[in-house]
Amino acid sequence: MLTVLAAMLLAGAPAPAHAATPGELVDAYQAAYDNPGLAVAVIDGDTVKTVLRGHDGDGNPVTPRTPFRIASMSKSMTAASVMILAERGTLDLDDPVVDVLPEFTMNDPRSRAITVRQLLSHTSGLSIRTNNEYAFPPPRSAADAVAALADKTLDAAPGTQFEYHNTNYSVAARIVEVRSGLPFGQFLRTELFTPLGMNDTTATEGCSDPSPGLASGHEVVLGLAFAVPEMPGTCVGNGGVVTTLDDMVRWLRFNQGMPDAGPPGATSLPLSAESLEELHTPQPGAGDYGLGWEERPDEAGVPQPLIGHGGTLTTWTGDMVFSPGTGDGVVVLGNAVGAPRLLSANLLAARNGAELMPTSNPLTVVNAVLLGLILLVGALLSLAVARARRWASRRRAARRPRVVLRLVPLTLVTVVGALLPTLIGVQSGSVSLQYWIVAAWMLPLLALFSLTCLVLGAAAVLRRVLWYRRAR
């Protein structure tokens, strides 16, 4: 039965081979990733094609005004807020952060050289290796996020290394608060969202904070979707915006430089064309990353570089991308995790007659393997627990060193169970027991596999030891 299930999960959903319509591409993506709800817009100058699929976490059909968390796409709005202050002369992008935010301090003298531009381009030297962003409890506000850096160090000298690090944008949000005198969410609303007619857009400080009309996102495991709360975390400035497809179309059209991007009757837009271009331009030492945006060269059959940004939380995901030269653009919003950038690329590729990328979900393979391991290891360890007395009686005359060696495999299984979730961040140089919480949200079957090894492995070792002592 497991073999049949694995084969079904490995089947994936290929992209349509013919000239696919946006609806067909969205359907192929939804079939592969099982997103319960999707809201997609394909922009062609003045024309906007929307594709809506599924439902929100309360079971309501997705509409152009259904709220979604947009995660790290929020960074483009934080960078725009800082640029508004720069246009007003309140600060300069190359000002040291300590000059515009005197409360900013770290246990590293190099931090005094960090500039506002380096925060926004992720070249400040802040790193997951010295500042664990997933520590619990998370900071509750931008001010708290800044205060939490007081005993931290940099991983690299400012300007010498690019590392995508959310705390950069929480510090930037605090700069906006201090220099404007307004809470960050209020500044976004009054200076950015309202002038653009984005009246259904708000921002939260915590990743799991409630927002008006926002239903839960989803965990999807082996095709089954469960509406669950978002994992707690600090999202102020870096990922806290809640918005709709209609409002995101306004945001993209504004960044494309469309003169009618604002509401009817608007006489001016929040930023000049020059400032928008600076936001979209890759920054020194940042590779393809600009200020809240990234350049995507050679993608989707578009001859010139695309400008975009994705966003992922544990129960939400999305992507936005546009071509400055053609006026094409795509917005993808989903209320579960997935690969929205793949869908964006295919939607643009279809418009340009380019080759489509296959649409398949590698997590189906991972989850199928994990499910098989849970069943197999769970059965073997349960058998070890049940037969502990028999195991001990057979070895009652054996010497203790030999018995200890016999316990090593089960002990290793137990240790692996305890440590496996902590290795989620090992590639970035961060290992922490608190990654158990991250695993529970991002890869629940990994957490369940680890828990199975830990609990049943420990129970088997303990019962064997106890029965061995009794047998002696």
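Turning to the overall build of the protein, a few remarks are in order. Each helix and strand in the protein was counted, giving 16 helices and eleven strands. At 25 Å, the protein has a C-alpha radius of gyration in line with the 23 Å of a compact globule built from 472 residues. Across its three principal axes, the protein shows a C-alpha extent of roughly 90 × 60 × 40 Å. Within the protein, buried positions represent 50% of all 472 residues. Of the contacts formed within the protein by residues at least 6 apart in sequence, a portion of 70% connects residues at least 24 apart. Surface summary for the protein: the accessible area is close to 20,400 Å², and the carbon and sulfur share equals 58%.

In this section: the confidence of the model for the protein. For residues with low pLDDT, the predicted coordinates do not support detailed interpretation. Across the protein, the average pLDDT comes to 91, with 93% of residues at 70 or higher. Note that residues 1-15 has pLDDT below 50 and, in this model, 21 contacts with residues that lie over four places away or in other chains.

On to the state of the cysteines, then. All chains considered together, the criterion is met by one disulfide. Residue Cys207 pairs covalently with Cys235 via a disulfide, S to S 2.0 Å. Between Cys207 and Cys235, the S-S torsion sits near 95°, and that sign places the bridge as right-handed. Highlighted residues: Cys207 in the loop between strand 4 (202-203) and strand 5 (217-221) and Cys235 in the loop between strand 6 (224-228) and strand 7 (241-243), separated in sequence by 28 residues. The class for Cys207 is buried, based on a relative accessible area of 7%.

This part takes up the pattern of salt bridges. The full count for this structure, using the stated rule, is 18 salt bridges. For Arg53, the salt bridge is made with Asp27, and the minimal N-O distance between the two is 2.6 Å. Placement of the pair is Arg53 in strand 2 (residues 47-54) and Asp27 in helix 2 (residues 22-33), with a sequence separation of 26 residues. For Asp27, a relative accessible area of 36% corresponds to the partly exposed category. In this structure, a network of salt bridges that share partners links the residues Glu294, Arg296, Asp319 and Arg341.

Let us look at the sheet that holds strand 7. Here we have three strands laid out as an open sheet, ordered 3-7-4, and antiparallel in their pairing. At either margin of the open sheet sits one strand with a lone partner, and together these are strand 3 (68-69) and strand 4.

Let us look at helix 8 (residues 184-193). Of all the positions in helix 8, only Phe184, Phe187, Leu188, Leu192 and Phe193 are classed as buried. Viewed along the axis of helix 8, the buried residues span an arc of 145°, placing them on a single side of the element.

Moving on: a nonpolar patch on the surface. A surface patch of nonpolar side chains, amounting to about 200 Å² of accessible area, comprises Val365, Val369 and Leu373. Secondary-structure assignment places Val365 in helix 12 (residues 362-386).

Moving on to the nonpolar core. Ranked by size, the top nonpolar core spans 73 residues in total, and within it Met77, Phe104, Leu120, Met248, Trp251, Leu279 and Leu333 carry the most contacts. The greatest single-element share of this core, amounting to seven residues, is contributed by helix 3 (residues 75-87). Non-local contacts of Met248, meaning those with residues more than four positions away in its chain, are made with Ile70, Met73, Met77, Thr243, Met320, Val331 and Leu333. Of all hydrophobic cores here, the second largest spans 20 residues; its members include Val26, Ala32, Val321 and Leu343.

Turning our attention to the environment of Ala458. Relative to the helices and strands, Ala458 resides in helix 16 (residues 444-471). Sequence separation between Ala458 and Asp144 is 314 residues; the distance between their C-alpha atoms is 39 Å. Apart from the residues lying within four places of it in its own chain, the contact partners of Ala458 are Thr414 and Cys453.

One open sheet holds the six strands; their spatial order is 2-1-11-10-9-8, and the pairing between them is antiparallel. If you trace the sheet from one side to the other, it starts and ends with strand 2 and strand 8 (294-296), each paired once. Within the sheet, the average angular offset between the axes of one strand and its neighbour, ignoring direction, is 20°. Two strands pair when backbone bridges link them, and strand 1 (residues 37-44) and strand 2 are joined in this way by eight bridges, in the antiparallel orientation.

With that out of the way, let us pick up helix 11 (residues 340-352). Taking 1.5 Å per residue, 13 residues should reach 18 Å; helix 11 reaches 19 Å between its end C-alpha atoms and fits that length. Along helix 11, the residues that are buried comprise Pro340, Leu342, Leu343, Ser344, Ala345, Asn346, Leu347, Leu348 and Ala349. Against the buried residues of helix 11 lie helix 2, strand 1, strand 9 (306-312), strand 10 (317-322) and strand 11 (328-334). Note on helix 11: the residue one or two positions beyond its end, Gly353, has a positive phi of about 70°.

Right, let's talk about the side chain of Ser121 for a bit. Following the sequence through the fold, Ser121 ends up in the loop between helix 5 (116-120) and helix 6 (142-147). Only 2.9 Å separates the side chain of Ser121 from the backbone oxygen of Arg117, close enough to count as a polar contact. If sequence neighbours within four positions are ignored, Ser121 has contacts with Phe162, Gln283, Ala286, Tyr289, Gly290 and Leu291.

Attention now moves to the packing of helix 2 against helix 11. Between helix 2 and helix 11, the shortest axis-to-axis distance is 10 Å and the interhelical angle comes to 155°. It follows from the interaxial angle that helix 2 and helix 11 lie roughly antiparallel. With respect to the hand of their crossing, helix 2 and helix 11 are arranged in right-handed fashion. Of helix 11, the residues touching helix 2 (which contributes Pro22, Leu25, Val26, Tyr29 and Tyr33) are Pro340, Leu342, Leu343, Asn346, Leu347 and Ala350. By residue class, the composition of the contact of helix 2 with helix 11 is ten nonpolar, one polar and no charged.

With that out of the way, let us pick up the packing of aromatic side chains. Within the structure shown, the criterion is met by seven aromatic pairs. Plain terms: the ring middles of Tyr164 and Tyr289 are 6.1 Å apart, the flat faces sit at 75° to each other, and that makes the pair edge-to-face. With a gap of 125 residues between them, Tyr164 in the loop between helix 6 and helix 7 (167-180) and Tyr289 in the loop between helix 10 (273-280) and strand 8 connect regions that are remote in the sequence. Of the aromatic side chains, those joined through ring pairs into one cluster are Phe162, Tyr164 and Tyr289. The lysine or arginine in question, Lys75, covers the ring of Tyr169, its NZ or CZ lying 5.9 Å from the ring centre. One Lys or Arg, Arg470, reaches over the ring of Trp467 and ends 4.8 Å from the middle of that ring.

How each quantity is defined
Along each chain, the written sequence defines residue order, and numbers are assigned to residues from 1. The model is predicted, so local features are restricted to residues of pLDDT at least 70 and side-chain atom pairs to those at 80 or more, both for listing and for counting; the totals for chains, interfaces and linings are taken over all residues. The side-chain values count all of the structure's non-hydrogen atoms but skip hydrogen atoms and water molecules. Where helices and strands are cited, they refer to DSSP runs of H or I of at least four residues and of E of at least two residues respectively, numbered from the N terminus. Throughout, radius of gyration means the C-alpha value; the globule benchmark is 2.2 Å times the number of residues raised to the power 0.38. Here the term buried applies to any residue with accessible area under 20% of the maximum for its type, exposed to any over 50%, and partly exposed to those in between, with areas from a 1.4 Å probe on protein chains only. The contact rule is simple, with two residues in contact once any of their heavy atoms fall within 4.5 Å. Each accessible area value is a Shrake-Rupley result obtained with a 1.4 Å probe; residue values ignore everything except the protein chains displayed when judging cover. Summary of the metric used: pLDDT quantifies the predictor's per-residue confidence within the range 0 to 100. Throughout, disulfides are identified as pairs of cysteine sulfur atoms within 2.5 Å of each other. Here a salt bridge means any side-chain nitrogen of Lys or Arg lying within 4 Å of a carboxyl oxygen belonging to Asp or Glu. Two strands make a pair as long as DSSP finds a minimum of two bridges between them. The reported arc concerns the directions from the helix axis to the C-beta atoms and nothing else. Patch members must show over 30% relative accessible area and no salt bridge, and they are joined within 9 Å when carrying like charges or within 5 Å when they are nonpolar side chains of Val, Leu, Ile, Met, Phe, Trp or Tyr. By nonpolar core we mean a set of buried residues, namely Ala, Val, Leu, Ile, Met, Phe, Trp, Tyr and Cys, connected to one another through side-chain atoms within 4.5 Å. Here an angle of 0 to 180 degrees is reported between the N-to-C directions of two axes, which are lines fitted to C-alpha atoms, with helices fitted over the stretch in contact. To estimate how far a helix should reach, multiply one less than its number of residues by 1.5 Å. What qualifies as a polar contact is a pair of N or O atoms within 3.5 Å, subject to a donor-acceptor requirement within protein and to the restriction that residues adjacent in sequence count only when both atoms come from side chains. An angle counts as roughly parallel when it lies under 35 degrees, as roughly antiparallel when it exceeds 145, as roughly perpendicular when it falls between 65 and 115, and as oblique in every other case. Crossing handedness: left-handed means the near helix sits turned counterclockwise from the far one by under a right angle, and right-handed means the same turn made clockwise. Under the grouping applied here, Gly and all other residues not named as nonpolar or charged are polar, the nonpolar ones being Ala, Val, Leu, Ile, Met, Phe, Trp, Tyr, Cys and Pro and the charged ones Asp, Glu, Lys and Arg. By convention, a stacked pair of Phe, Tyr or Trp rings (six-membered ring in the case of Trp) has centres within 6.5 Å and planes under 30 degrees apart, an edge-to-face pair has planes over 60 apart, and any other such pair is tilted. Note on geometry: a ring has a charge over it if NZ (lysine) or CZ (arginine) is within 6 Å of the ring centre and within 35 degrees of the ring normal.

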